[in-house]
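Letter by letter, the chains look like this.
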Amino acid sequence: MYASAIRALVGEIFGKNRAAIVGAAAVTPAAWMIAKAYLRHVPGIEPNFATPLGFLLLVVIAMQLGSVFAYVDLTAGGSGSGFPRHILLLPAPTWLLALVPIIAGSLFIAAFVLLWLRFVSGVQLDWTQQLALTVAITAVMCWIQAMSWELLPRSMRIVALLVVVIATIVSVISALANEPDFLLGRRAGQIGLVLTSSGGYGFAYLAVIRARRSETLALNASLKRLFFSPGQPLHAVPLPTLSTAVAAQNWFEWRVYGRILPLFMTIIGAFPLASLAFDGMRRAPSIALSTMLLLVFYLMVSPMMGAAYISKDWTRRVQMGTFAATRPLSDSELAFAKLRLAIKSYALSLLIVCAVIVVIILASRNNVALLALWSRLTQRLGTTGSYLSLMLLFAAITAASWAASALFMSLQLFYEAVDRKKHGWKISLAMITLFGLLLILARRAYVARDSALQWLHAARAEVIIPVIVLTGIALYLLPPFRRVAALSTLRALAVGFLTVTVLGLIGLSQLRLPFGYRWALSSGLVSLALVTFMPFLLVPILVRMSRHR
Amino acid sequence: MNSTDNNVVDIRHLTRRFNDKAALQDVTVRIPRGQVFGIVGENGAGKTTLIKHILGLYRAQHGSVSVFGMDPVKHPKEVLSRIGYLSEQPDFPEWMTIAQFMNYMAAFYPNWDRQYAAQLLEMASLDARKKIRELSKGQQARVGLCAAQAHRPELLVLDEPSSGLDPVARREILAAVIRTVVHEGRSVLLSSHLLEEVERVCDHLLFFSNGEVLLSDSMEAVLDRHYQITLRRPGQLEWQALPGVFNAVADNGEWQLFCFADIDQLTGLLQLQGAQILDTRRLSLNEAFLARSSQRHTPGRIA
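Participant: Could you give me a rundown of the overall build of chain A, with the residues and numbers involved?
Facilitator: If you tally the helices and strands in chain A, you get 21 helices and 0 strands. Taking all 549 residues of chain A together, 29% fall into the buried category. Here the analysis covers contacts within chain A between residues at least 6 apart in sequence; of these, 80% occur between residues at least 24 apart.

The following block contains the structure:
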């Protein structure tokens, strides 16, 4: 009986998500081989996947496979709607329903990860490390499975999973580290791994029981029961003053989407802050530097929020719902409510990240690595130049994350607005061709970089190009050249772009940098201006397309 | 006020295709001010597609849509601020309390009447402190109805509102809302598959089938002119050639004709052709709908 139930369950998992599994497990190595072949033709660059970027790619693929091996049907058009509830009616014991996807997923992903590490990254692991890694993957799978069984309300699942993934990563790093006292220490790391995997399985098991009864843990109701007796009247929620339709929409956007990213960053930031309580952690030589990884995480996560900002609510299928589309607002007002939300949310998140980093640096009093970096910078650029570079870096991070998010938003809107059945293959073909052309162009530019730089130097391109691009953007935003609906935000933007142009040009002329640096700065300025501007051009048009089909 | 001003909605020769399927075909509809305009039709007939054009959620592929004299795609803000809309499956923000929701909605409509909104909530027996997600489907529909109404819209669009409302709410709340709207000289567009309800509240009926308007007439005319004629006549009967007959069933030499016509003229014509009229019976709206829904081969045969 068990054998047939296991067969049915495995069939369900592989059958429903065959394309996604093949996609992640087979196409990715193919892409890696293409990348390797491509890099072979670029002189001076050796393909190396034992880099943080290579490992990051591996983690992303493994996480994707993790969600595939949960029972969710990814082809059903959304994480919320894809759960095959008929599984709950199978005559199989609950422990089996919980265990099969965990074991199937863990074995598959572990094999994939170990093969990748061995053949792609060239990392050799001994058998204890391989075992620890498999246990860590199993732990995460347990929790993914627990979440997919709808144990928690949808809005809580991602946060819970994030916490567990971080705890597992910390445990696995502690367990595998060469130094026995690194992070939590080897013994604590091993215990942490066992606890997270067994706890995860327990939760997955409980979740199956609840799912079979169509129950979800009602956290709000439980908390209310803790603080209020059942007879107590409900408390009236204070109502915000919403004087205009735009103010109402801004409030709505913030309440639905705005708090997610700051909340994520607070949760992630809480881990290094909490680690300060441990003396060993506080005195670890790399704590201040590794906290900077928060910035990297922020840069990774924030662009993806752009796609979520377009969904009806952030946990559900991406689309502009009828309710949103029928708000009596112009298309531009709807679009700018989204863009404003992104700016506010990102600025607050970055502020949280910066605050955590500053606290860690101050509290750890162990900034050797950072001070070394700073002294290298000041030696090269001088004190003013270093501070200026630091400010530019933070400005660039804010702008780039926001712009990337807005571009994701645009892509998602485009994906929603076009008839995918009719034009999907044409778009895919166009994207692949464009990507291929860009790669070829990048390779040629890299090979011809010396002669190209000489030509650009002679033409004073580092001054002329930013002037043309930034002035063009500013003029586009200013009346009477403005093509999108009149909004005060655009006036502010135009002034902002003009200011950046002037400051950038002053910076370029005053920094007295060699031409290569000036050109890099100028290219960065132009790229940043373009990616920041593009959403203002694209999002209103795409909101319009998505709203009026 | 000229005739154009008197129409809140003016749709001309509207055609809409989704890939190969025509959802609307050459539809021309005018909704006059102060009327309750009912749309009926089987599932997939094009009712919601038509409503989405009125709301500006679909742009006209062919033909034109004008609401309050404006294109709803070009002027969504101006058009939507004068419309109250309740959809079949309202996707309200469930995290809000009813009070938050009404407060949020009020900001969009300059004519929002807070006192009237409170009255509507009271009439619908809703506790403003409750969250929308805690409400039943019917209660959510009541919230939607209150929110669609509280700014006294010039056009109230109700797309299958009854699917969420229980019979009591339908009969009492919906009917009261519609009465108030019409009493104040405003218009209602009601799409529903509950024909009794449509018969009870609507002044004008639009009958949709396969994206085409089969019938557009006053409710009075619709009820007065739909007949079933039972007759006996030897041999074949070329019923498709008879004026106003849209469906026919033959059984053992007896024919049942379904028509939308002047009954005296038609029976006279049939008798001239040698038919023996056994019975004539006025059809209810429900019967007329069923007869028309099974009509597949006689497009355009409308008197």
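Once the structure has been displayed, the description carries forward.
Participant: Tell me about the overall build of chain B, and name the residues and values.
Facilitator: From N to C terminus, chain B includes 10 helices and 13 strands. Evaluated residue by residue, chain B yields a buried proportion of 47% over its 303 residues.

Participant: Can you lay out the nonpolar core for me, pointing to particular residues and giving the numbers?
Facilitator: Of all hydrophobic cores here, the largest spans 139 residues; its most connected members are V157 and C259 of chain B. When residues in this core are grouped by element, the largest group, 13 residues, is from helix α15 (residues 331-364) of chain A. Per-domain counts for this core show at least three residues from each of domain 1 (33-55 + 76-210) and domain 2 (221-293) of chain B. Residues within four places of V157 of chain B in sequence aside, it is in contact with I51, I54, L55, I83, G84, Y85 and L189 of chain B. In terms of nonpolar packing, the next biggest core, distinct from the first, is built from 40 residues, A110, V135, A139 and W143 of chain A among them.

Participant: Account for unusual backbone geometry, naming residues and giving values.
Facilitator: Residues and elements named next belong to chain B. The phi torsion at D26 lies on the positive side, around 50°, for a residue other than glycine. For D26, the location among the structural elements is in strand β2 (residues 21-32). Judged by local crowding, D26 falls into the partly exposed class, with 14 C-beta atoms found within 10 Å. Phi is positive for S125, close to 55°, though the residue is something other than glycine. Note that S125 resides in the loop between α4 (114-123) and α5 (137-149).

Participant: Give me the sheet that holds strand β13 (residues 276-282) of chain B: which residues, what numbers.
Facilitator: All names here are of chain B. Sheet architecture is open: 4 strands sit in the order β11-β12-β10-β13, paired in antiparallel fashion. Edge positions in the sheet fall to β11 (245-251) and β13, since each of these pairs with one other strand and no more. Across this sheet, the average inter-strand angle for adjacent strands is 20°, counted without regard to direction. With 6 bridges connecting them, strand β10 (residues 226-232) and β13 associate as antiparallel partners. In the strand pairing of β13, T230 is matched with D279. Each of β10, β12 (254-260) and β13 touches helix α9 (residues 263-272); the most contacted strand, β13, lies at about 160° to it.

Participant: I'd like to hear about the interface of chain A and chain B, residue by residue, with values.
Facilitator: For an interface, size is often stated in terms of accessible area lost upon the parts coming together. Counting residues at the interface gives 27 residues for chain A and 27 residues for chain B. Of all the elements in the fold, those that place two or more residues in the side of chain A that touches chain B are α9 (245-258), α14 (322-325) and α17 (420-447) of chain A. A per-class count over the side of chain A that touches chain B returns 14 nonpolar, 6 polar and 7 charged.

Participant: Would you mind going over the sheet that holds strand β9 (residues 212-218) of chain B in detail, with residue names and values included?
Facilitator: All names here are of chain B. Spatial ordering of the open sheet is given by β5-β6-β7-β3-β8-β9, a layout of 6 strands whose pairing is mixed. What marks the edges here is a single partner per strand, and that holds for β5 (83-86) and β9. With direction set aside, neighbouring strand axes in the sheet form an average angle of 15°. By the bridge criterion, 5 bridges tie strand β3 (residues 36-41) to strand β8 (residues 204-209) in an arrangement that is parallel.

Participant: So, the pairing of β9 of chain B: which residues are in play, and what are the values?
Facilitator: Residues and elements named next belong to chain B. Pairing of β8 with β9 involves 6 bridges; the strand directions are antiparallel. Of the residues in β9, the one forming a bridge with H204 is S218. Two successive antiparallel strands, β8 and β9, enclose a turn made up of 2 residues, where N210 displays a positive phi of approximately 50°.

Participant: An account of helix α21 (residues 515-547) of chain A is requested, with residue identities and associated values reported.
Facilitator: Owing to its 3.6 residues per turn, the α-helix brings residues three or four apart onto one side. With 33 residues, α21 of chain A should cover 48 Å at 1.5 Å per step; its first-to-last C-alpha distance of 48 Å lies within 8% of that length. Considering bend angle alone, the principal kink of α21 of chain A is centred on L538 of chain A and spans about 25°; proline P540 of chain A follows within four residues of it.

Each value, and the rule that gives it
- Residues numbered from 1 in each chain as written.
- Chains lettered and ligands numbered in written order.
- Predicted model: local features only at pLDDT ≥ 70, side-chain atom pairs only at ≥ 80, totals over all residues.
- Helix = DSSP H or I, 4+ residues; strand = E, 2+ residues; numbered from the N terminus.
- Buried ≥ 20, exposed ≤ 12 C-beta atoms within 10 Å, placed from the backbone.
- Contact = placed C-beta atoms within 7 Å.
- Core = buried A, V, L, I, M, F, W, Y, C linked by C-beta atoms within 7 Å.
- Domains from an automatic or database assignment.
- Pairing = 2+ DSSP bridges.
- Axes fitted to C-alpha atoms, helices over the stretch in contact; angles between N-to-C directions.
- Nonpolar A, V, L, I, M, F, W, Y, C, P; charged D, E, K, R; others polar.
- Expected span 1.5 Å × (residues − 1).
- Bend = angle between axes of the 7 residues up to and from the residue.

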